[in-house]
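Here is how the chains run, residue by residue.
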Amino acid sequence: MRNIVMCMALMLCAFGFDVKAQSVVRAIEGEVAFTGVRASHNMIFDESRPGLGLAGELRYNFHSVPVDIGIQGRGQIWGRQSLSESASDEYKYAGEKLNYLSANVLLVSDYNFRRGQSVSMFIGAGVGVAFFEENSSLERAGYSLYVGNGKSRSFCFMPRVGAEFFNRLRLTLFYQFEDKANECFGLQVGLAIGGGMKK
C-alpha cells in the first residue's frame, strides 16, 4: 500500500501543480481499457496470482473547471493458491487454487492538469458498489470446497492517478478498497474515445 501511495505522489510531482491556461476540450468522452490487477491480501492461501480485467467509462468534461465526472463499470479476475501441504494447517493442500471474480460499478471524478495538451495528468477517485463471488470470511470446508458468509457485495472506494497522452492513450494506477478478499491494486491501459481538443 505504501508503494502505491508513493507512486501516485511521484507522478503528481513529475507534472507539478500547474493549473494555468488549460485548453477547452469536448464535453463527452468515453474510455475502454484493459487492466492488470493483483490482490492486496493472500487470505488463507500462500500467495496471490496476478489477474486481468476490462473496464469501460463514460465521462463529462466541465468547461469552466478542469474537472470531469462519470460512471465506470469494470470486471476482473485473479487467483490465489497454496504452494505446499502443511501438517500444521488442515486448510492448505499442495497446489490448491481458487479464482476470484469481481465487478464494480462506480461514480468517478478527476481533477485534470494540463488538460487538452499532448501530455496531461489527472488525479481522482470513484465510489460505488463491488460485486463478487468469494468474500473475506472464506473458510475451507473440505477439499476444493469453500464457504463464506453469503455476502456478495460491498461498498467500494477507488483512488486513482494517471496520465493521458495525445488525448487518447490513458495510463491509470488505482487501488480498490472493498471487501478484504477482493481488495486489489492495478494498472489500467485505456483508449479515450471522443474528448480531445474542442475545434
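Residues numbered from 1 in each chain as written. Predicted model: local features only at pLDDT ≥ 70, side-chain atom pairs only at ≥ 80, totals over all residues. Heavy atoms only, no water.

Whenever I open this one, the overall build of the protein confuses me. Can you help?
A count of helices and strands for the protein gives one helix and 10 strands. In sequence order, the secondary structure elements of the protein are arranged as α-β-β-β-β-β-β-β-β-β-β. Relative to its full complement of 199 residues, the protein shows a buried share of 43%. When the accessible surface of the protein is summed, it comes to about 10200 Å², and 64% of that surface belongs to carbon and sulfur atoms. (Helix = DSSP H or I, 4+ residues; strand = E, 2+ residues; numbered from the N terminus. Buried < 20%, exposed > 50% of the residue type's maximum accessible area, 1.4 Å probe, protein only. Areas by Shrake-Rupley, 256 points an atom, 1.4 Å probe, with all protein chains shown as cover.)

Just to check I follow, could you spell out unusual backbone geometry for this structure?
For residues other than glycine, phi is negative in most cases, and the peptide bonds are mostly trans. A positive phi angle, close to 60°, is found at Arg114, a residue other than glycine. Mapped onto the elements, Arg114 comes out in the loop between β4 (97-113) and β5 (119-132). For Arg114, a relative accessible area of 31% gives the class partly exposed. Phi angles above zero are rare outside glycine, and Asn167 is one such case at about 60°. Checked against the element boundaries, Asn167 lands in the loop between β8 (153-165) and β9 (169-176). Here Asn167 falls in the buried class, since its relative accessible area comes to 13%.

Looking at this model, I keep getting lost on the sheet that holds strand β10 (residues 184-194). Mind explaining?
The strands making up a sheet associate through backbone hydrogen bonding, with each pair oriented either parallel or antiparallel. Strand order in the closed barrel made by the eight strands is β1-β2-β3-β4-β5-β8-β9-β10, with antiparallel pairing throughout. Neighbour-to-neighbour, the strand axes of this sheet turn through a mean angle of 25°, independent of strand direction. Sheet topology places strand β1 (residues 28-39) next to strand β2 (residues 47-61); 10 bridges connect them, and they run antiparallel. Paired with Glu31 across the bridge in β2 is Glu57. (Pairing = 2+ DSSP bridges. Axes fitted to C-alpha atoms, helices over the stretch in contact; angles between N-to-C directions.)

Would you mind going over the packing of aromatic side chains with me for this structure?
For the coordinates displayed, the defined rule picks out five aromatic pairs. Their ring planes at 25° and their centres at 6.3 Å tell us that Phe157 and Phe177 sit as a pair that is stacked. On the criterion of sequence distance, the pair formed by Phe157 in strand β8 and Phe177 in the loop between β9 and β10 is long-range, its members being 20 residues apart. With a centroid separation of 4.5 Å and an interplanar angle of 40°, the aromatic rings of Tyr175 and Phe177 are classed as tilted. Judged by its relative accessible area of 5%, Tyr175 falls in the buried class. On the accessibility criterion, Phe177 (30% relative accessible area) is partly exposed. For Arg74, the ring lying beneath its charged end belongs to Phe174, and the centroid distance is 4.4 Å. (Phe/Tyr/Trp six-rings, centres within 6.5 Å; stacked < 30°, edge-to-face > 60°. Lys NZ or Arg CZ within 6 Å of the ring centre and 35° of its normal.)

Quick question: what am I supposed to make of the environment of Gly162 here?
As for its placement among the helices and strands, Gly162 is situated in strand β8. Between the C-alpha atom of Gly162 and that of Leu173, which follows or precedes it by 11 residues, the distance is 5.9 Å.

For this particular structure, what's the right way to read the environment of His63?
Positionally, His63 belongs in the loop between β2 and β3 (67-81). Separated by 38 residues in sequence, His63 and Val25 place their C-alpha atoms 7.2 Å apart. Polar side-chain contacts of His63 include one of 2.9 Å to the backbone oxygen of Val25. (Polar contact = N/O pair within 3.5 Å; in protein donor to acceptor, adjacent residues only side chain to side chain.)

Mind showing me how you'd approach empty space enclosed by the protein here?
Where empty space is left in the structure can be found by rolling a water-sized probe over the atoms. All told, the structure shown has one cavity of 30 Å³ or more when counted by the stated rule. Estimated volume of the largest cavity: approximately 130 Å³. Secondary structure elements with two or more residues in the lining of the largest cavity: β2 and β5. The residue makeup of the lining of the largest cavity, split by class, is three nonpolar, six polar and six charged. (1 Å grid on protein atoms, 1.4 Å probe; cavity = no way out; pocket = protein on both sides within 12 Å on 5 of 7 lines; lining within 4 Å. Points joined across faces, edges and corners; volume = space filled by probe spheres on them. Nonpolar A, V, L, I, M, F, W, Y, C, P; charged D, E, K, R; others polar.)

Would you mind going over the pairing of β10 with me for this structure?
Note on strand geometry: in a regular strand, side chains alternate between the two faces of the sheet. Note that β1 and β10 share 11 bridges and pair antiparallel. Looking at the pairing, Val32 lines up with Leu191 of β10.

Looking at this model, I keep getting lost on the confidence of the model for the protein. Mind explaining?
As a note on interpretation, predicted positions should not be read in detail where pLDDT is low. Here the protein averages 83 in pLDDT, and 78% of its residues register 70 or above. Here helix α1 (residues 2-15) is the element of the protein with the lowest mean pLDDT, 50, and β9 is the one with the highest, 97. When the criterion is pLDDT under 50, residues 14-21 qualifies, and its contacts beyond four places in sequence or with other chains add up to 12 contacts. (pLDDT = per-residue confidence, 0-100. Contact = heavy atoms within 4.5 Å.)

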